[in-house]
Amino acid sequence: MSLLRSRSMVSALVLSVVLGGCAGGAEENAAMDGQATSATPAVDAETSKVLRENPLLAEWQGPYGGVPAFDRMEMGQIQQAMEAGMAAELVEIEAIANNPAEPTFENVIVAMQRTGEPLGRAATYYGIWSSNLSSPEFRVIQNELAPKLAAHSTKIIQNEQLYARIKAVYEQREDLDLTPEEQRLLQTTYEQFFLSGADLDAAGKARYAAINEELAQLHTQFSNNLLADEEGWATRFSEAQAEGLPASYLAASKVEGEDGVYEVKNTRSSMDPFLTYADDRALREEVWRKYYNRGNNADEHDNNEIIARILQLRNERIQLLGYDTYADWQLTNRMAKTPAAATELMETVWEKAVERAEEEIADMQKLADAEGAGITIAPWDYRYYMEKVRQDRYELDSDEIKQYLQLEKLREAMFFVASEFFGFGFAPVTDGSIPVFHEDVKVWQVLDKASGDHIGYWYLDPFARAGKRSGAWATSYRSHSTFDGKEYVLASNNSNFVEPPPGEPVLISLDDAETFFHEFGHALHYLSSNVVYPGSNGGVRDYTEFHSQLLERWVLTEEVIDNYLTHVETGEPMPDELVQKIRRAGTFMQGFDTVEFLGSAIMDMRYHTLTGERLANLDVQAFEAAELAALGMPEEIPMRHRSTQFGHIFSSEGYAAGYYGYLWADVLTSDSAEVFEEAPGGYYDKDVAERIVRLLYAPRNSVDPAEAYREFRGRDANSDALLRDRGFAPPEE
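This is a predicted model, so every value here is computed, not measured.

Rules and cut-offs
Along each chain, numbering runs from 1 in the same order as the chain's sequence is written. Given that the model is predicted, a residue must reach a pLDDT of at least 70 before its local features are reported, and side-chain atom pairs must reach 80 or more before they are shown or counted; all residues, however, enter totals for whole chains, interfaces and linings. Computation of side-chain values covers all heavy atoms of the structure but excludes hydrogens and water. Whether a residue is buried, partly exposed or exposed follows from its accessible area with a 1.4 Å probe, protein chains only, as a fraction of its type maximum: under 20%, in between, or over 50%, in that order. By the criteria applied, helices consist of DSSP H or I runs no shorter than four residues and strands consist of E runs no shorter than two, each listed in order from the N terminus. Strand pairing is assigned whenever DSSP identifies at least 2 bridges connecting the two strands. Between the N-to-C directions of two axes lies an angle of 0 to 180 degrees, each axis being a line fitted to C-alpha atoms and, for a helix, fitted only over the stretch in contact. Confidence scores labelled pLDDT are given residue by residue by the predictor and lie between 0 and 100. Contact between two residues is taken to exist if any of their heavy atoms lie within 4.5 Å; hydrogens are not considered. Only residues whose relative accessible area exceeds 30% and that take part in no salt bridge are eligible for patches, with like-charged residues grouped when within 9 Å of each other and nonpolar side chains (Val, Leu, Ile, Met, Phe, Trp, Tyr) grouped when within 5 Å. Reported accessibility uses the Shrake-Rupley method at a 1.4 Å probe radius. Residues are deemed covered only where the shown protein chains occlude them. For salt bridges, the criterion is a side-chain nitrogen of Lys or Arg within 4 Å of an Asp or Glu carboxyl oxygen. By the counting scheme adopted, Arg and Lys are positive, Glu and Asp are negative, and His together with the chain ends is not counted. Where a charge lies is defined by one atom per residue type: Lys uses NZ, Arg uses CZ, Asp uses CG and Glu uses CD. By this rule the span expected of a helix is its residue count minus one, scaled by 1.5 Å. Bend is computed residue by residue as the angle between axes fitted to the seven residues ending at the residue and the seven residues starting at it. As used here, the term nonpolar core means buried Ala, Val, Leu, Ile, Met, Phe, Trp, Tyr and Cys residues forming a set that is joined through side-chain atoms within 4.5 Å. In this scheme Phe, Tyr and Trp rings, the latter by its six-membered ring, pair at centre separations within 6.5 Å, and the angle between planes marks the pair as stacked below 30 degrees, edge-to-face above 60, and tilted otherwise. Comment: the charge-over-ring label is applied if NZ (Lys) or CZ (Arg) is within 6 Å of the ring centre and within 35 degrees of the ring normal.

**A short note on the pairing of strand S7 (residues 489-497)**
Working step 1: By the criterion of burial, S7 is predominantly enclosed, with nine of the nine residues buried.
Working step 2: Burial of the side chains of S7 extends over both faces: Val-489, Ala-491, Asn-493, Ser-495 and Phe-497 are buried on one face and Leu-490, Ser-492, Asn-494 and Asn-496 on the other.
Working step 3: In this sheet, S7 lies alongside strand S5 (residues 454-463) in parallel orientation, the contact comprising seven bridges. Along S7, the bridge assignment pairs Tyr-459 with Ser-492.
Working step 4: With five bridges joining them, strand S6 (residues 473-478) and S7 adopt antiparallel strand pairing. Each residue of the ladder has a partner; that of Arg-478, found in S7, is Leu-490.

Below is the structure:
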């Protein structure tokens, strides 16, 4: 699990989560890839014994290069395994750094691709405990390991002999006979070290290392505080308070062993439908406040001071490197390149989104007044009255739509799309041959439909539970490569659907269905890889969400509707009348959705361009309130992720100064979707599918994404298609 498998390895290891991916956000977790084979390095006797005997370090057994032994992992083994894995990787790195031979691409860059395999295996289990099975006991271990992992990465980055050899190869790059992928890998390797302070003097390196260790602890503390508030702040209600809530929601929310008692968990998947349907306004406010005050309760889990310290440390670190702001440093090798370019896109959309939101609020207020509600629309009313407006204007009932959105049928629909689009087939593994870490997890073998060849395995962990972080995300336990024999992909999707009583189907909202497809898009991106080196499987943050967002477009295609969006009781496909209502309402609530997102994205950029006294004396709540007011944020709409719960940017650095990337990727999504819409076969056009998989999915990060997109589209993307998609007027010529 070489450092070179992810530019943000420190964050990925410390948290072992794929925020990027999405809501998680998602997320690209190449740093967590385990590898199936490894030669035991020449380490000290104690470490050697651990490498031989600790089950979490053992080479994976089973078909096609083996799979993680999730059925045999024990928490008590993880710290020892991680520490031994780090020690082993450092020995491997030292061997490369001190190789007396002249530095070459093979003995430096390729050699680094072979390092860290035991640590990679241990980190796979570490990631499961962190994201899927966390507990107070594990969080103690996590807090102890976080600074050690940061220090480990820093030791590699600051290895002067190693960097000198990388730099020597990089400076010869024009004279080397390298493939395009090898050129890209050399460039990203060199940039990773350079941008992480490898050129600093001794004092600079020491301070850089200390900052990384403190940040690792703070990121972990932020994440654990957020998880504690999600687990500890549920809202109970009675039968008398349940008016308006669908029977399916009540069935899933019933408190076991207590008649007539229900519970709203402090997660989006539980909060969102409650705020949409519950008639009890006071209870809606209570649920809303608990959810949006996560990490902001002036208690032991408060995140305000942590945020201020994180931002101050990040700024101090990039000043060591000579950058003006953290955002300037972070966007150096992103598609946007500069904070100004990212901000320009956000501002292009912001004004139009606020105009639409104000129209939505006026419509809701008018309806509330007509009902004699005697209220002024507040944030806890938004979803409730938007649903009423939806029903009034479009005769569209969200609960009616849910009757056609069964989780199992949607999974089948995803497999159908993957078959048509990528040529993949899926076979369930039901014989227990692939171990899982929880009984909810199911596994499928992924096959090349034409040849029958094995591609990999896909794991699905669908339901919410204590210890599982909120949201939805994708990750990979092993990525594709061929440089040392073929490695097969192990991909995973993770959701937080509310599990229904035994025997009852899981019915989800249209938004959740699109998210389900979205995260599967990340998995398909992993599975379609054709790169040679594992280090080519990473991603450019403001590009990787494009691959998942594009897949959302298939949810309401005719083929999916007719075969998979069938009524839970009658089995009949969603009627055309309902489909047309959904399409007519396609831009409905875009004001809310866009403003909610952009509020977070713009605040992310403003936090990460702070300098001087404003940063040194930062009061997070005052800054958030002042900046949103200056921005013109409607009082009725909170940021999608208020500062104290903004895990994308404060529990790791993966999306820091990069949350705008979802919008950047959505520009690519809207622009490329029009290629399908204009093609003879529509969204199932074989020629377009072949080109987009070959040019934009399979290469992963082995080519520059801007060049790849230009080759596919014939030009750069622009925001016109995005504005059309959202029902906003395109910009004036």
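**Topic: the sheet that holds S5**
Working step 1: Spatial ordering of the open sheet is given by S3-S4-S5-S7-S6, a layout of five strands whose pairing is mixed. Edge strands, defined here as strands with exactly one partner in the open sheet, are strand S3 (424-428) and S6. With direction set aside, neighbouring strand axes in the sheet form an average angle of 25°.
Working step 2: The sheet contact formed by S3 and strand S4 (residues 442-448) spans five bridges and is antiparallel. By the bridge assignment, Phe-426 is partnered in S4 with Val-446.

**Things to note about the confidence of the model for the protein chain**
Working step 1: Overall, the predicted model of the protein chain reaches an average pLDDT of 92, with 94% of residues at or above 70.
Working step 2: Predicted confidence for residues 23-40 stays below pLDDT 50, and this span has 110 contacts to residues more than four positions away or in other chains.

**Description of a negative patch on the surface**
Working step 1: A cluster of like negative charges, contributed by Asp-392, Glu-395, Glu-400, Glu-558, Glu-559, Asp-562, Asp-576 and Glu-577, occupies part of the molecular surface.
Working step 2: Contributions of two or more residues to the negative patch are made by helix H21 (558-564) and helix H22 (576-584).
Working step 3: For the negative patch, the element with the highest residue contribution is H21, accounting for three residues.
Working step 4: Locating Asp-392 in the fold gives a position in helix H16 (residues 382-394).

**Things to note about helix H15 (residues 339-370)**
Owing to its 3.6 residues per turn, the α-helix aligns residues three or four sequence positions apart on the same side.
Working step 1: An ideal rise of 1.5 Å per residue puts 46 Å on 32 residues; H15 measures up with 45 Å between its terminal C-alpha atoms.
Working step 2: Remark: the principal bend of H15, roughly 25°, maps to Trp-350.
Working step 3: One or two steps after H15, the chain reaches Gly-372, where phi turns positive at roughly 70°.

**A closer look at the nonpolar core**
Most often, soluble globular proteins keep nonpolar side chains buried together rather than apart.
Working step 1: Judged by nonpolar contacts, the single largest core of 148 residues is most densely connected at Phe-421, Phe-426, Trp-458, Phe-520 and Ile-692.
Working step 2: Top contributing element to this core by residue count: H15, with 12 residues.
Working step 3: Counting 35 residues, the second largest nonpolar core, distinct from the first, contains Phe-70, Ala-81, Ala-84 and Ile-434.

**Here's the deal with the packing of aromatic side chains**
Working step 1: For the structure on display, the rule yields 56 aromatic pairs.
Working step 2: With a centroid separation of 6.0 Å and 25° between ring planes, the pair formed by Tyr-543 and Phe-546 is classed as stacked. Residue Tyr-543 and its partner Phe-546 are both found in helix H20 (residues 541-551); the two are separated by three residues, about one turn of the helix.
Working step 3: Ring pairing ties together the aromatic residues Phe-421, Phe-422, Phe-424, Trp-554, Phe-676, Tyr-683 and Tyr-697, which thus form one cluster.
Working step 4: In this structure, Arg-314 packs its charged tip against the face of Tyr-326, placed 5.4 Å from the ring centre.
Working step 5: Above the ring of Trp-473, the side-chain terminus of Arg-469 is found at 3.9 Å from the ring centroid.

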